[in-house]
Structure formats: C-alpha cells, structure tokens
Amino acid sequence: MEIYSGENGIITLNDPRYPKSLKSIPDAPEQLYYKGTWDESLFENCLAVVGSRRMTTYGKQITEKLVSQIASAGITIVSGFMYGIDGQAHQSCLDVGGRTIAVMPCGINKICPQYHDILYRDILENNGLIISEFPPDQTSLYWMFPRRNRTVAGLSKATLVIEAGEKSGSLITADLTKKFNKKVFAVPGPLTSILSKGTSQLIKEGAEIVTCAEDVINYFKIKKIKNNNLNFNFNKNKLDDIIFQELQREPLEMDILSRKTGKSIAEISSAISMMQIKGIIRSEYGKYYVC
Amino acid sequence: MSTENIMFVKIKSATNLGLDTIGIDVEINVANRGLPVFDIVGLPSKSVSESKERIKTAIINSKIDFPTKRITINLAPADVPKEGSCYDLPMAVGLLSLMLGFNVSEDSLLFGELSLDGKVRHTRGALLLSLFAKEKGYKKIFVPKESANEAAIVQGVEVYPVEDLRQIVGHFLGKFKIVPVIYKRQPIIDKKVDFDMKEILGQEQAKRAAEIAAAGGHNFMMVGSPGSGKTMLAKALPGILPFLQEKEALEVTKIYSASGNIPPNGSIIFTSPFRNPHHTISQVGLVGGGSKPQPGEISLAHRGVLFLDEFNEFPRSILELLRQPIEDGKLTISRSQARVEYPARFILVASANPCPCGYLLHPKKSCVCSEREIKNYQKRISGPILDRIDLHVEVPVVDANDLSCSVGASPCGCPSSVVRSRVIAAREIQNKRFSEDNIFVNAEMRNEHIKKYCFLSQEVERILKQAVSNFNLSARSYFKVIKIARTIADLGEAESINVSHVAEALQYRPKQA
C-alpha cells in the first residue's frame, strides 16, 4: 500500500541537517528515516505535546484549545502519533494550518495505529514530517516506545503534558525532558480524574503550570505570527448566553442543560445546533463543550 | 356397474399461501368395489395425510358409522402442495354427505381441524379465508367456532361457527340451524404497556427522540451504558404509538391470522405490534422463510415496532437482511415451492452499548476497552444500516442523586397518554398531507414527496448548507434531516419548516464517523 509518493530519505547523525537539538542528547539516534519535505526550519521551535491514550472530553477540549493557539504562533508540534492526546495534538495543529512532526514507534512505512491513515496523509500533505529511527518496514515492539519518547523529547525545546495517568508513557517523556535540561509544562486537571494523577505529580515536582497558550508561547520568545483568537460576532440571544456560561464551567449533556435552564429539549437542541454551526461549541460522547 | 355404486361429491375449501388464498376442491369418492381403504391424493403433506386417522376416529366418536368401503379423496388442483390441518372438516363433511345423503351447497366454503372426539378446533388463517370467500362470491363459510369471530371481521359473508361434527351434520340434515355469528368487535383495550413514559426519570432528549420517532415513523437508535434506561424507553414506545387505522389493522391482522398468532375468539388487532427478538435469532426467524414461507419478526412487526436490543450483538449477516425491507416496506421470500410477499413496514428501534465493556460514556466507571476494540465494536454495524436510521441519541447514565431529587419534579415529564395525544395529532396532519400519496408517515417520504411537502425558506436552506459543510452531512443525511424537521414541525402543528425545527433535527444525526 503506497499512500505517499513524495520525498523520503534518511539523515544520519553526521549529516549537517541532523536536528541540533536532538544531537545534543546523550544516546541520540544514529539515523532518522523520514517522509515528507525535510525543512530545517521545522526543527527551530518544537514543542512536544504528549498525554494519555484515554483522552477525556476535558483533555480533548484543552488540547484543541492550547495546541491550536500554540501552532498558530508558528511552533511545530511534535508528538507520537498514538491515539488519544497525541493524535488530537497532531489534528488540532493541522486544523489551524500548523506544521507537525510525528515520531513513529515503528518504521515510517507502517501506520500505527492503522486507522490513523488519514491523519498520516494529512500530516504529509501539510508540510509535516513522519520520522523514525527504526528501519522503514519495522513493526512496533514494546521496547521501541520509550526509545520513541526519547526522540520526541530530544527534538523539542519543551514538553507539554496534557492528562497523564500514574506510570504512563507520558511521564517517561517528561522525565527524559527534564534529564535533557528542557522545560516541562503540565496542564492541571480535576483531582477526581485518574488522568490527573500524572500531571499533578509533575506539577508537584516543579513542572510549570499551563493555564493558557501564552504560558507556552512566551517561553519560545517568539511573537505571535497570526492571531487566531476566534471571536464570533453573533447576536447572542439569552438562551445562547446561558448555555455558553454553563458549558464554560464544565462539559454537559443535553439533558442536564435542559434541567439547568428549565427549557425544553426542543429549544436546547436547536440552540445548540446553531452554536455548533457557528463553531462556538463542539460535542463528544454526548457531552457539549466550549471550543 | 349400476349408478348407485358411484358415490362422488365435491366440497369447496381453500388454502393459504402467505397472505394469498387459493381455492381447493375436495373431491370425495366412495366405491363399493375393492378392499376397504382410505386414500388421500393431490400432494398432501404429512399433516394432511395424517388427517385420515383424525377423520376416521372423529366420525366413529361422533357415533356415526364409518363406511368400510374404498374411499378416495383428491385435493384439486393436484399440483399445489397441501399443508395444514384445515382440510379435516371438508373431507369429513363430504364423506358424511355421501353416507347420510345430504347436500352441501356450492356457495359454501368449509375449513377447520378436527379433534379425535369430533370437536372442531381453532384453525389459523380464518380471516384470509373469509376475505377470499368475499372476493370469489361465496355466501357461506363454515369455520371452527373459536375462529368464527376472526372470520366475521369481513362483512358480507355468512360465517357459521362449527362446534363439532354432529352439529354440522345436524345442520345439513335440517334437524336444526346453526346461526351465523354477528361480528363482535372487541373494545380497543390498551394493551398493558410495561412502562409509562412518566416512570422514566431524566433522559429528556431520548424521550423527545422517541416521541419524534413515534410521530413520524422514524427509525431510532439509542447508544448508552448499561443501566441508562434504553430498554425501558423502548418498551414504553408502544404506549405512545397511535392505534392502527382500519386499513392498517386489517393488514396486521391478516399477517397474524396467516401465522396462527390470533388467539381463539380473537378479533381485529388495533394496537401496534411490538416485537422484541433476541440477538440469537436466525435469518429465517427475522425475515421469514421455510419451504412454505412463514412471516418473520419483521413482518409480525408490520405497522409497529421492531426492537433490537444489543444491536451490536446481532450477527452482521442478520442485520444486513434488514436493509431492503427498511427501504421497501415489504419482503419477497422466494423458495422452491412458493414465492410469497409479506409487508414489513416497521419502526426499527435499536439499542447498543458504546463499547464492549459498556462504560465508555459512564461518568463514574472507567472503560477498560482499547481504542481498537471500540472501533471494531462500532464497526459491526455497517454504514448502510446506520444510514437508514434517522434518529440517533446518546443515552447518558442518570445519577442516582439526580433521580431522588427529581422525583415529583418536572424531569419525570409527561405521562404516555399525553405524549400519545400529541403523536396522534401529528399523525393526523400527516394523513391529510399524504391522502393522495400511497404513504402514511413522514419517514416514508421519498425525494419527490420532500420536494412537494417540505418547502424550505431561504434562511432555512442557508442553515442547512452551513450544516452540510460543518458536520460533513451526506446527501442522504441531508434529506433525513429535512424529514425529521418535517415531523418536528408537525408535532408543533406548524405549517412550514422553520430554522428551529431544522436545528433541532440536526442534533439527531449520527455522532460517530
């Protein structure tokens, strides 16, 4: 199966084009196989975005929000192509026209997980890169995942962790980032969630709390290239306002919204549809949340 | 050979093949010459051949002499396979007419199964027989007493209830008269519904979707964790469906009569059927079949609800069978011996878990399925099937705390009877609208009907166009949204479809993929 027929190749450790940031880490990969157009500017400002595979609605919401703004500022998003936060990070970056690097836990000709094939194609079509230190047709094995994480951390100036459980792969990436003397950012989450345990622990250990995209963008010392703050000019009628305020607090199901506002499902549904069409709110697994 | 030795008579009866009825001549010959034997010819099946023993014993037990002569019975036309026990009565009466010397008039149809003691038993298909009698101009039909009310649904045919052999013989000998039954239309009793809508707490969106489904005849799918109330909601659905109209009721009763599902002394069925087959059902069980094709669950659910619980657990090969009937509202079963068409216009109600463990949407319990398992689970239902389901809702688990505080408060919602009255009002609007078209409900609208009856203002069309691009709607989904919006407008007794109707309809599109 050939889904990409463009440029691909191999960059060895001695090649002048080899990313400097990755070269500086101990035990840097001997070679990088890649697909896509190798553009050295891609490696200038890289942020690793990692997190749990079992992304919650909150995780999705935060990833969409932070990554879209960070990517709009011209920062390359590096991640591991896994489903969950990783995949969402790539996707949110592509949604705002940003560039992203996927570091595969297998050869670059393999797509792991397989059903991410559309994401794989989109990354390449949007001037992104698929890279791996493993031979192109290698399938993924357990020991390769930590190696992959090392590359993700090595390529980036900093690592942003969104939702991580205890003893998760995301914590391995965070630890490596610290070991490489790079910055670790962590997004706080509700303490009731098991997916906040990892991030809370990171914050305790001195990772920087991220509450808005600027926290990360400022670290990169670059000016925002384009302002992508989505301001909608619409005539907020009252019900829209109430729904918006409720959803700003937490993602909710339609039934709960109906109970809280005292409006019928018919009214709530049609208000929500209009807000969705305008791109103000989104839904996942039956819950609605503010973009 | 003298003419007295030839004893021959022809009695009229009929057989049902699917929902069609074929006239059968029962020819009986009793010859004085030859050894005493009793033969039935004309492609009898096992149950027909066995009727020899029933007839012989029933006659003897009715204290009538059984002739020790050569008896030959032919069921004509001889090339149509005969099945069932309904020929017992015509054969026995024909034989006795030769022995006791009475006449059965040409305009009579006889039909019924004998018991060994001479009684006549409830036999399936009596309604179809009387419809046939009316069509072909037979004046009188003799049917088992317990099936008589069912047969008498048809006006213009005299239905004689037969209790036992002695009684019918006495009638023909002129000793006394059997009085034709007068059709007793049983009062429409609301079948006891398992759940009332007001018993279901929370689930406002799902209840609203159920109301729309009932009003417009839309197929309906619920996805939710175990214990969220999907099954309860589906079982409450019959309580909000309107009663069948005369024409629909006759269609349904015919199917139930043909399949032997009408109880003794039963009458026409006015309540919508509700069928709830288990997911281990076979292909024939679902769509019908057999060498003499019987209706399956989809036909028994005609003009009612087919509820498939645990939708993902049904084998894919079985679910794919639903595709054509959902489109066409009928199914033709072709077998070597017969080709039968059964109607199957039902509301499909499906319920499914979001993932194999069931807790993907659960607020408290965490799901233990991997992404791949979830994908594979959801993939079990094919796109074409999902595409034929109009309303999709996610049914969240209701928090026990929420429940206790809301008892008595508004979240309980309307009782079924109130919802039903709204549904009936919406159906009446639809009846008026489709009086010239051969359809009943909005869900049956084809593109031509949509063009004719669903005028969209410029503003509505603009919103729809935006939705198509924002939500990636397919062409089929686009029309589905319009159909649902039409039903929502009908429920609100609105003449034209406005923006809020369309906007609400958009919330019921499938969320995945």
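Residues numbered from 1 in each chain as written. Chains lettered and ligands numbered in written order. Predicted model: local features only at pLDDT ≥ 70, side-chain atom pairs only at ≥ 80, totals over all residues.

## Some points on the overall build of chain B
Then, number 1: Regarding its fold elements, chain B presents 21 helices and 18 strands.
Then, number 2: Summarising its shape, the C-alpha atoms of chain B cover approximately 95 × 50 × 45 Å along the three principal directions.
Then, number 3: Evaluated residue by residue, chain B yields a buried proportion of 46% over its 513 residues.
Then, number 4: Contacts in chain B between residues at least 24 apart in sequence constitute 73% of all its contacts with a sequence separation of at least 6. (Helix = DSSP H or I, 4+ residues; strand = E, 2+ residues; numbered from the N terminus. Buried ≥ 20, exposed ≤ 12 C-beta atoms within 10 Å, placed from the backbone. Contact = placed C-beta atoms within 7 Å.)

## Points about the domain arrangement of chain A
Residues and elements named next belong to chain A.
Then, number 1: Looking at chain A, the domain boundaries give domain 1 (8-219) and domain 2 (238-290).
Then, number 2: Centre-to-centre, using C-alpha coordinates, domain 1 lies 32 Å away from domain 2.
Then, number 3: Listed as interface residues are four residues of domain 1 and, on the opposing side, five residues of domain 2.
Then, number 4: Residue classes in the side of domain 1 that touches domain 2 are distributed as one nonpolar, two polar and one charged. (Domains from an automatic or database assignment. Nonpolar A, V, L, I, M, F, W, Y, C, P; charged D, E, K, R; others polar.)

## A short note on helix α4 (residues 126-136) of chain B
Then, number 1: Residues B:A126, B:L127, B:L128, B:L129, B:S130, B:F132 and B:A133 constitute the buried set of α4(B).
Then, number 2: Within two residues after α4(B), B:G137 carries a phi angle of roughly 85°, on the positive side.

## Section: helix α2 (residues 57-72) of chain A
Think of an α-helix as 3.6 residues a turn; residues three or four steps apart then line up on the same face.
Then, number 1: Across its 16 residues, α2(A) extends 22 Å between first and last C-alpha, which sits within 8% of the 22 Å expected from 1.5 Å per residue.
Then, number 2: Where α2(A) terminates, the next one or two residues include A:G74, which has phi positive at roughly 95°. (Expected span 1.5 Å × (residues − 1).)

## Quick look at the domain arrangement of chain B
Residue and element names in this part refer to chain B.
Then, number 1: Segmenting chain B into domains produces domain 1 (3-173) and domain 2 (197-413).
Then, number 2: A straight line from the C-alpha centre of domain 1 to that of domain 2 covers 42 Å.
Then, number 3: Domain 1 puts 16 residues into the contact, and the matching count from domain 2 is 19 residues.
Then, number 4: Elements that contribute at least two residues to the side of domain 1 that touches domain 2 include exactly β1 (6-17), α4 and α5 (145-151).
Then, number 5: For the side of domain 1 that touches domain 2, the class distribution of residues is seven nonpolar, five polar and four charged.

## Description of the interface of chain B and chain A
How big an interface is tends to be reported as the loss of accessible area on association of its parts.
Then, number 1: On the chain A side, the residues contacting the 23 residues of chain B number 20 residues.
Then, number 2: Going through the elements one at a time, α7 (204-216), α14 (371-379), α19 (458-471) and α21 (499-506) of chain B are the ones with two or more residues in the side of chain B that touches chain A.
Then, number 3: For the side of chain B that touches chain A, the per-class residue count stands at eight nonpolar, seven polar and eight charged.

## Focus on the environment of B:P180
All names here are of chain B.
Then, number 1: With respect to the secondary-structure elements, P180 resides in the loop between α6 (165-173) and α7.
Then, number 2: As for P180 and D39, which are separated by 141 residues in sequence, their C-alpha atoms are 33 Å apart.
Then, number 3: Those residues in contact with P180 that sit more than four places away from it in its chain are E158, V159 and Y160.

## Some remarks on the packing of helix α9 (residues 238-249) of chain A against helix α11 (residues 265-277) of chain A
Residue and element names in this part refer to chain A.
Then, number 1: Contact geometry for α9 and α11: axes closest at 10 Å, N-to-C directions at 80°. As the angle between them shows, α9 and α11 are arranged roughly perpendicular. Between α9 and α11, the contacting residues are L239, D240 and I243 on the first element and E267, A271, I272 and M275 on the second.
Then, number 2: The class makeup of the residues in the contact of α9 with α11 is five nonpolar, no polar and two charged. (Axes fitted to C-alpha atoms, helices over the stretch in contact; angles between N-to-C directions. Parallel < 35°, antiparallel > 145°, perpendicular 65-115°, else oblique.)

## Considering the sheet that holds strand β5 (residues 108-110) of chain B
All names here are of chain B.
Then, number 1: Pairing is parallel in the open sheet, where three strands are placed in the order β5-β8-β9. Edge strands, defined here as strands with exactly one partner in the open sheet, are β5 and β9 (158-162). Neighbour-to-neighbour, the strand axes of the sheet open up by a mean angle of 25°, direction not taken into account.
Then, number 2: Where β5 meets strand β8 (residues 140-144), three bridges bridge the pair, whose relative direction is parallel. Counterpart to S108 in the pairing with β8 is K140.
Then, number 3: Against the sheet, α4 touches β5, β8 and β9, its axis set at about 175° to β8. (Pairing = 2+ DSSP bridges.)

## Observations concerning the nonpolar core
Then, number 1: In terms of nonpolar packing, the biggest core is built from 148 residues, with B:A92, B:F111, B:L129 and B:I141 touching the most fellow members.
Then, number 2: Not counting residues up to four positions away in its chain, the partners in contact with B:F111 are B:S13, B:A14, B:C86, B:L89, B:T123, B:A126, B:L129, B:I141, B:F142 and B:V143.
Then, number 3: In terms of nonpolar packing, the next biggest core, distinct from the first, is built from 64 residues, A:I108, A:L155, A:V187 and A:V216 among them. (Core = buried A, V, L, I, M, F, W, Y, C linked by C-beta atoms within 7 Å.)

## So, the packing of α9(A) against helix α10 (residues 254-261) of chain A
All names here are of chain A.
Then, number 1: The contact between α9 and α10 brings their axes to 11 Å, and the two run at 120°. Considering their axes alone, α9 and α10 lie oblique with respect to each other. Handedness of the α9/α10 crossing: right-handed. When α9 is examined against α10, the residues L239, I242, I243 and E246 are found in contact with a partner set consisting of L257, K260 and T261.
Then, number 2: In terms of residue class, the contact of α9 with α10 is made up of four nonpolar, one polar and two charged. (Left-handed = near helix turned anticlockwise from the far one by under 90°.)

## What about the environment of B:F102?
All names here are of chain B.
Then, number 1: For F102, the location among the structural elements is in the loop between α3 (88-100) and β5.
Then, number 2: On a C-alpha basis, the gap between F102 and Y183 in space is 29 Å, while along the polypeptide they are 81 residues apart.
Then, number 3: Those residues within four positions of F102 in sequence are excluded, and the remaining contacts are S97, F172 and L173.

## Remarks on the confidence of the model for chain B
All names here are of chain B.
Then, number 1: Residues of chain B with pLDDT of at least 70 account for 95%, and the chain-wide mean is 87.
Then, number 2: Note that pLDDT drops below 50 for residues 405-411; the model gives that stretch eight contacts with residues more than four away or on any other chain.
Then, number 3: This prediction of the complex comes with two scores: 0.80 for pTM and 0.74 for ipTM. (pLDDT = per-residue confidence, 0-100.)

## Looking at the sheet that holds strand β17 (residues 347-352) of chain B
All names here are of chain B.
Then, number 1: If you trace the five strands from one edge of the open sheet to the other, you get β11-β14-β17-β10-β18, paired in parallel fashion. Edge positions in the sheet fall to β11 (274-275) and β18 (391-395), since each of these pairs with one other strand and no more.
Then, number 2: Both strand β10 (residues 220-224) and β18 contribute to a ladder of five bridges, which runs parallel. Paired with M222 across the strands is V393, a residue of β18.
Then, number 3: Along the sheet face, α7 touches β10, β17 and β18 and points at about 155° away from the line of β18.

## Some details on the confidence of the model for chain A
Detail in the predicted coordinates should be disregarded across regions flagged by low pLDDT.
Then, number 1: Mean pLDDT for chain A: 86, with 93% of residues reaching 70 or above.
Then, number 2: Counting interchain partners and residues more than four positions distant, the pLDDT-below-50 stretch residues 225-234 of chain A has eleven contacts.

## Here we look at the pairing of strand β5 (residues 100-103) of chain A
Residues and elements named next belong to chain A.
Then, number 1: Across the two faces of β5 the burial is the same, with T100 and A102 and I101 and V103 all buried.
Then, number 2: Note that strand β4 (residues 76-79) and β5 share three bridges and pair parallel. When the bridges of β5 are listed, S79 appears paired with A102.
Then, number 3: The pairing of β5 with strand β6 (residues 129-132) spans three bridges and is parallel. Pairing of I101 across the sheet is with L129, part of β6.
Then, number 4: Between the parallel pair β5 and β6, the chain is carried across by helix α4 (residues 117-125), and the sense of this crossover is right-handed. (Right-handed = clockwise from strand over helix to strand, strands pointing away.)

## Some thoughts on unusual backbone geometry
Then, number 1: The peptide bond linking A:C112 to A:P113 adopts the cis configuration, its omega dihedral lying at 0°.
Then, number 2: Mapped onto the elements, A:P113 comes out in the loop between β5 and α4.
Then, number 3: Residues B:A76 and B:P77 are joined by a peptide bond in cis, for which omega reads 0°.
Then, number 4: By the element assignment, B:P77 lies in the loop between β4 (70-76) and α3.
Then, number 5: Of note in this structure, A:D27 is not a glycine but carries a positive phi near 65°.
Then, number 6: With respect to the helices and strands, the residue A:D27 is situated in the loop between α1 (20-23) and β2 (31-35).
Then, number 7: On the basis of neighbour counts, which here come to 8 C-beta atoms within 10 Å, the residue A:D27 falls in the exposed class.

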